[in-house]
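Chain by chain, the residues:
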Amino acid sequence: MTQKNLLLIFTRNPELGKCKTRLAATVGDQIALDIYTFLLKHTVSFTQNLPVDKEVHYSVKVRENDLWNEDIYHKRSQIGDDLGIRMENAFKNGFSQGYQNIIIIGSDMYDLNQEDIENAFNALDTHDYVVGPATDGGYYLLGMKNIHSNIFRNKAWGTASVLEATLHDLVSENVKLLEAKNDVDYYEDIKDVPAFKTFLTPINL
């Protein structure tokens, strides 16, 4: 451990037919994979220079020599039967290493940038929790100073109820809510975003 802040990045292994399946239902498996790879590279671009320690947690298996540079990112496997337990285990591991402020993000948020993450860590100087609401009813970022197991339990992950249920668990806590941002799950999430036009033009959607 080199300092007090840790960024956890949860990622799926980019494999044809196994990522962005809701998007793939409209654009097809190959284009969905191309878009996901684009989003992974975007995530690298805005996290690699952050002045915090960084861990990438893989959904299936840790990959060597991929786009996550091992000199910048510590690589780990996600552990647990559902997303909540996997996130909780990642936070617990971070706190057990001595980190004081830990934030988790996914790897497919086009609307995120380095300043957003820096602001979220700064918010933990005056708040115990920080939450970045996604416009689909989930959240794109979660940060905390202490483990709070309830927020990882009894959630219908991937549904519009996650944010509300999480904030209910934190109702008596000191929480900083960030700006709501658009998640990329469906064709409708990207169809009007210029950065994705190059992927969508060939299929004339």
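Each remark here, short or long, concerns the structure printed above.
Structural notes, computed from the coordinates. What you are looking at is a predicted structure, and each value in this text was computed from that prediction instead of being measured. (Residues numbered from 1 in each chain as written. Predicted model: local features only at pLDDT ≥ 70, side-chain atom pairs only at ≥ 80, totals over all residues. Heavy atoms only, no water.)

### Some thoughts on the overall build of the protein
Then, number 1: Within the protein, the regular secondary structure consists of seven helices and seven strands.
Then, number 2: Listed N to C, the secondary structure of the protein is β-α-α-β-β-α-β-α-β-β-α-β-α-α in terms of helices and strands.
Then, number 3: A compact globule built from 205 residues should have a C-alpha radius of gyration of about 17 Å, and the protein, at 17 Å, falls within 12% of that.
Then, number 4: The principal-axis extent of the C-alpha atoms belonging to the protein is close to 50 × 35 × 35 Å.
Then, number 5: Residue burial in the protein is summarised as follows: out of 205 residues, 45% are buried.
Then, number 6: When contacts within the protein are restricted to residue pairs at least 6 apart in sequence, long-range pairs at least 24 apart make up 66% of them.
Then, number 7: Carbon and sulfur atoms form 46% of the exposed surface of the protein, whose accessible area is close to 10,000 Å².
Then, number 8: Charge separation in the protein, taken as the distance between the mean sites of 20 positive and 29 negative side-chain charges, equals 3 Å. (Helix = DSSP H or I, 4+ residues; strand = E, 2+ residues; numbered from the N terminus. Rg over C-alpha atoms; globule rule 2.2 N^0.38 Å. Buried < 20%, exposed > 50% of the residue type's maximum accessible area, 1.4 Å probe, protein only. Contact = heavy atoms within 4.5 Å. Areas by Shrake-Rupley, 256 points an atom, 1.4 Å probe, with all protein chains shown as cover. Lys, Arg positive; Asp, Glu negative; His and termini not counted. Charge placed at Lys NZ, Arg CZ, Asp CG, Glu CD.)

### Digging into the pattern of salt bridges
Then, number 1: In this structure the tally under the stated criterion is 13 salt bridges.
Then, number 2: Two residues, Asp185 and Lys20, come together in a salt bridge whose shortest N-O distance is 3.4 Å. One end of the pair, Asp185, is in the loop between β7 (175-177) and α6 (187-190); the other, Lys20, is in the loop between β1 (5-11) and α1 (21-27), with 165 residues separating them in the sequence.
Then, number 3: For Asp185, a relative accessible area of 10% corresponds to the buried category.
Then, number 4: Residue classification places Lys20 among the buried residues on the basis of a relative accessible area of 11%.
Then, number 5: For Asp169, the salt bridge identified is with Lys155, shortest N-O distance 2.6 Å. A residue pair is termed long-range when its members are at least 10 positions apart, and Asp169 in helix α5 (residues 162-169) and Lys155 in the loop between β6 (139-144) and α5 qualify at 14 residues. (Salt bridge = Lys/Arg side-chain N within 4 Å of Asp/Glu carboxyl O.)

### Quick look at helix α2 (residues 29-47)
Then, number 1: Between its terminal C-alpha atoms α2 stretches 27 Å, which fits the 27 Å expected from 19 residues at 1.5 Å a residue.
Then, number 2: Here α2 has its buried residues at Ile31, Ala32, Leu33, Ile35, Tyr36, Leu39, Leu40, His42, Thr43, Val44, Phe46 and Thr47. (Expected span 1.5 Å × (residues − 1).)

### Some points on the nonpolar core
Then, number 1: The biggest cluster of nonpolar side chains holds 27 residues, and the ones touching the most others in it are Leu7, Trp68, Ile103, Ile105, Ile117, Val130 and Leu141.
Then, number 2: Elements with a minimum of two residues in this core: β1, α2, β2 (53-58), β4 (101-105), α4 (114-123) and β6.
Then, number 3: Sort the elements by how many residues they give to this core and α2 lands first, with five residues.
Then, number 4: Filtering out sequence-adjacent residues up to four positions away, Ile117 remains in contact with Leu7, Phe46, Leu50, Ile103, Ile105, Leu112 and Leu141.
Then, number 5: Ranked by size, the runner-up nonpolar core spans 20 residues in total, among them Phe10, Ala90, Leu142 and Leu163. (Core = buried A, V, L, I, M, F, W, Y, C linked by side-chain atoms within 4.5 Å.)

### Observations regarding the sheet that holds strand β5 (residues 129-133)
Then, number 1: An order of β3-β2-β1-β4-β6-β5-β7 is seen for the seven strands of this open sheet, with the pairing classed as mixed. Looking along the sheet, the strands with just one partner apiece sit at the ends: β3 (74-77) and β7. This sheet shows a mean twist of 20° between the axes of neighbouring strands, independent of strand direction.
Then, number 2: Direction of pairing for β5 relative to β6: antiparallel, over a ladder of five bridges. The partner of Val130 across the bridge, within β6, is Gly143.
Then, number 3: Each of β1, β2, β3, β4 and β6 is contacted by helix α3 (residues 83-96), which is oriented at about 155° to β1, the strand it contacts most.
Then, number 4: Contacts from α4 reach β1, β4, β5, β6 and β7, with the element oriented near 145° to β4. (Pairing = 2+ DSSP bridges. Axes fitted to C-alpha atoms, helices over the stretch in contact; angles between N-to-C directions.)

### Remarks on the pairing of β6
Then, number 1: A large share of β6 lies buried, amounting to six of its six residues.
Then, number 2: Sheet analysis places β4 next to β6, joined by four bridges and oriented antiparallel. Residue Ile102 lies in a different strand from β6, and its bridge partner there is Met144.
Then, number 3: Taking the residues that link successive antiparallel strands as the turn, the β5-β6 hairpin has five residues, and the phi of Gly137 there is positive, at about 100°.

Everything listed here is a matter of geometry and, on its own, says nothing about what the molecule does.
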